[in-house]
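# Report on the structure
One-letter residues, chain by chain:
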Amino acid sequence: MTDFQTLGLSEPLLRAVEAEGYTTPTPVQEQSIPPLLAGRDVLGVAQTGTGKTAAFALPVLQIMSRNRPQGNRKIRALVLSPTRELAAQIDERFSAYSEHLDIRHKVIFGGVNQNPQVRALQKGLDVLVATPGRLLDLINQGHIDITHVEFFVLDEADRMLDMGFIHDIKKVLKLLPKQRQNLLFSATMPSSIANLAGSFLHNAVKVDITPEEITVDRIEQKIMFLRKADKRRLLVKIIKQERVERGIVFTRTKHGANRLVKQLDQSGISAAAIHGNKSQGARTKALAGFKNGNIPILVATDIASRGIDVDGVTHVFNYDLPNEPESYVHRIGRTARAGRTGIAYGFCDESEAGYLVGIQQLIGKEIPVDLSHEFHFVGAIPKPGQKAGKIKDKNAPKKKQHQRNRSNGGGGGRGGGGGRNQSRSGQGSSNPRGDHRSGNNNRNQRRRDD
Ligand code: AMP
């Protein structure tokens, strides 16, 4: 008897799980599947990478296939996801898990022609995975009826709120039937999420998984102080020296991501950008090339990278340090997945020392400094008493507010617990001058990715 059998899953699902090569349920699966099968609501503090999709998809599929109503198919499970990538990944998981069941599922999201989605909806579905904007569009056009939903899953709820989807979520909640089972997953549990959860979950079982505590332990972290102008050269050098075959480089803006891809290309390094301004086709292509090994370097902004689930990422480069400390934990968690180890480089320039202070406060440790490169610049090291957050550049030209907003592409806030690991890096010393006073983590302008 496998562990999955002890969770009460039916034979078709056990076969599907076995075909996926899963032998042991992950903690979120172990804790969520039994209460969900028993009809309870679940509030899961867990992020992508923990196995949470199977945690909700398996029991939902099991209950749905147990009591299938007669007549035309109606949407009985609705999964809301903040980004297209994550929605597509969830739908792909539903394909795998429902392999031996008579279940029809479909994913819909914005940024692509709606007609194929409408045609699929007309044929009838059991499970709909959607981003909020396109869902409401198609509901308003009369193509989607969610009044028969029995299972409502709100995935990555913290990101949903960050991206300004709260009103859309409230609209969807109003349209759902009262009698249903609810699941909410979020990487973090700030009061806004707790309030939202309280508004529609009933007597929910709380499942709390903080994956960073697991994965961060296997990530070697290094910080490099340098001038902004030297970042590209250092990146190229490391990629070539370490023969990086699968690495993700994070930039703060979409424009920065595009520019860097061109520059890497000029240096003979094949890279692709993935961010919210890219068409869905371009994003899918970039991700596919990265997954199949044709493109060794993916340059991403935080929002677009959300939910990217690629095994075997050996390197993460914080080319721009994130202005939200939680994003750092999320970014470095892209490596060291599935039991592997990984390395995370942080490039800290003269304008980013405050961000580094914030990151180190969150993770509760100082990241070892790597001095083994020719670009080391003491001017980028946090000053004594440096506060967390943005450093104002007095010489920077003043931009109008709308220009600032338009030039800003990343802005991903993400959560999870702080890793309290010790890095295995023996390089250099820890930042000698970071202080640990709390400060202001400037929240970046959000954008909808739907
Ligand atoms: P998720 O958090 O749902 O995005 O899942 C992350 C990755 O873990 C996906 O590639 C899944 O296929 C994989 N996965 C999920 N459950 C298990 C399991 N029990 N054992 C091994 N891999 C799993």
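Quick summary incoming for the structure in this document. Because the structure is a prediction, the values reported are computed rather than measured.

### Observations concerning the overall build of the protein chain
- Within the protein chain, the secondary structure is distributed over 18 helices and 13 strands.
- Residues counted as buried form 58% of the 450 residues belonging to the protein chain.
- Within the protein chain, contacts between residues at least 6 apart in sequence are counted, and of these 81% link residues at least 24 apart.
- For the protein chain, the accessible surface area stands at approximately 18,900 Å², while carbon and sulfur atoms represent 47% of it.

### Notes on the pairing of strand β5 (residues 151-154)
- By the alternation rule, side chains of β5 split into Phe151 and Val153 and Phe152 and Leu154, which are all buried.
- Summarising the sheet, β5 and strand β6 (residues 181-186) pair through four bridges and their orientation is parallel. Directly across from Phe152, in β6, lies its bridge partner Asn182.

### Section: the sheet that holds strand β11 (residues 297-300)
- Ordered in space as β8-β13-β12-β9-β11-β10, the six strands form an open sheet in which the pairing is parallel. Each edge of the open sheet is held by one strand with a lone partner, namely β8 (219-225) and β10 (271-274). With direction set aside, neighbouring strand axes in the sheet form an average angle of 20°.
- Where β8 meets strand β13 (residues 342-348), seven bridges bridge the pair, whose relative direction is parallel. In the strand pairing of β13, Gln221 is matched with Ala344.
- Of the strands in this sheet, β8, β9 (247-250), β11, β12 (315-318) and β13 are in contact with helix α12 (residues 231-241), which crosses β13 at around 165°.

### Topic: the site of the ligand
- Around the ligand lies a shell of 14 residues, among which Tyr22, Gln29, Gly49, Gly51 and Thr53 are the nearest.
- Gly51 has a polar backbone atom sitting 2.7 Å from an oxygen atom of the ligand.
- In isolation the ligand has 490 Å² of accessible area, and contact with the protein removes 79% of it.
- Split by residue class, the shell around the ligand holds three nonpolar, eight polar and three charged.

### Some remarks on the sheet that holds β6
- In space, the seven strands of this open sheet follow the order β3-β4-β2-β5-β6-β1-β7, with parallel pairing throughout. If you trace the sheet from one side to the other, it starts and ends with β3 (105-108) and β7 (205-208), each paired once. Adjacent strand axes in the sheet meet at a mean angle of 10°, parallel and antiparallel pairs treated alike.
- Taken together, the four bridges between strand β2 (residues 77-80) and strand β4 (residues 127-130) define a ladder with parallel strand orientation. Note on β4: the bridge partner recorded for Ala77 is Val127.
- Strands in contact with helix α3 (residues 27-37) are β1 (42-45), β6 and β7; relative to β7, the strand with the most contacts, it is inclined by about 170°.

What counts as what
Residues numbered from 1 in each chain as written. Predicted model: local features only at pLDDT ≥ 70, side-chain atom pairs only at ≥ 80, totals over all residues. Heavy atoms only, no water. Helix = DSSP H or I, 4+ residues; strand = E, 2+ residues; numbered from the N terminus. Buried < 20%, exposed > 50% of the residue type's maximum accessible area, 1.4 Å probe, protein only. Contact = heavy atoms within 4.5 Å. Areas by Shrake-Rupley, 256 points an atom, 1.4 Å probe, with all protein chains shown as cover. Pairing = 2+ DSSP bridges. Axes fitted to C-alpha atoms, helices over the stretch in contact; angles between N-to-C directions. Near = heavy atom within 4 Å. Polar contact = N/O pair within 3.5 Å; in protein donor to acceptor, adjacent residues only side chain to side chain. Nonpolar A, V, L, I, M, F, W, Y, C, P; charged D, E, K, R; others polar.

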